[in-house]
Amino acid sequence: MCGFLLDSFEVSKRDGRKSHIIALNLHGQVVIIELPAGDPTKAHVYLGPSVTDDRLPVTLSFADVDHDGRPDLVIHVGETNMVLFNNGHDDQFHAPSQP
């Protein structure tokens, strides 16, 4: 299992408070865990891409991919990238096909 911890990254989705983000490669399934404002009772779990090598490290970045003024979550693992969008309507990131 490979993992990457990105601690106290400012994602300011709604209230401007920092979230703790953890990214893991669990036997080839990328899993992202967000603790909004560091509160584990409000945790969100996101599934990232599946990869063939469970030794590949997962890294994260935040960029306004859709140019709406809100930071989106970009997942990088090997040659694979995936974006989860910040729609600003709730406290979660969403895959492109979700509202």
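Since we're looking at a predicted model, the values are computed, not measured. Starting from 1, residues in each chain are numbered consecutively following that chain's sequence as written. Whole-chain, interface and lining totals are the exception, using all residues; otherwise, since this is a predicted model, local features are given only for residues with pLDDT of at least 70 and side-chain atom pairs are given and counted only at 80 or more. Side-chain calculation: all heavy atoms of the structure are included, whereas hydrogens and water are not.

## As for the pattern of salt bridges
By definition, a salt bridge exists where a carboxyl oxygen of Asp or Glu is found within 4 Å of a side-chain nitrogen of Lys or Arg. For the coordinates displayed, the defined rule picks out 3 salt bridges. Residues Lys42 and Asp39 are paired through a salt bridge, measuring 3.3 Å at the closest nitrogen-oxygen approach. For Asp39, a relative accessible area of 22% gives the class partly exposed. Salt-bridge contacts for Asp68 lead to Arg70; the nearest nitrogen and oxygen are separated by 2.8 Å. On the accessibility criterion, Asp68 (29% relative accessible area) is partly exposed. Buried, partly exposed and exposed residues are distinguished by accessible area as a fraction of the type maximum, computed with a 1.4 Å probe on protein chains only: under 20%, between the cut-offs, and over 50%, respectively.

## Some remarks on the packing of aromatic side chains
Centre distance within 6.5 Å is the pairing criterion for rings of Phe, Tyr and Trp, where only the six-membered ring of Trp is used; planes under 30 degrees apart are then read as stacked, over 60 as edge-to-face, and the remainder as tilted. Taken as a whole and judged by the stated rule, the model has 2 aromatic pairs. Here the aromatic rings of Phe62 and Phe93 are separated by 6.3 Å at their centres, their planes lie at 45 degrees, and the arrangement is tilted. Of the two residues, Phe62 sits in strand 5 (residues 58-63) while Phe93 sits in strand 8 (residues 93-94), which places them 31 residues apart along the sequence. Given the relative accessible area of 2%, Phe93 is considered buried. Helix and strand definitions follow DSSP, with helices as H or I runs of at least four residues and strands as E runs of at least two, each counted in order from the N terminus.

## A word on the nonpolar core
Core analysis: the biggest nonpolar cluster contains 14 residues, and Ile32, Leu60, Leu73 and Ile75 have the highest contact counts within it. Among the secondary structure elements, those contributing two or more residues to this core are strand 2 (19-26), strand 3 (29-35), strand 5 and strand 6 (72-77). Should any heavy atoms of two residues lie within 4.5 Å, those residues are counted as being in contact. In this structure, Leu73 is in contact with Ile32, Leu60, Ser61, Phe62, Met82, Val83, Leu84 and Phe93, ignoring residues within four places of it in sequence. Among buried residues, the Ala, Val, Leu, Ile, Met, Phe, Trp, Tyr and Cys ones that are joined through side-chain atoms within 4.5 Å form a nonpolar core.

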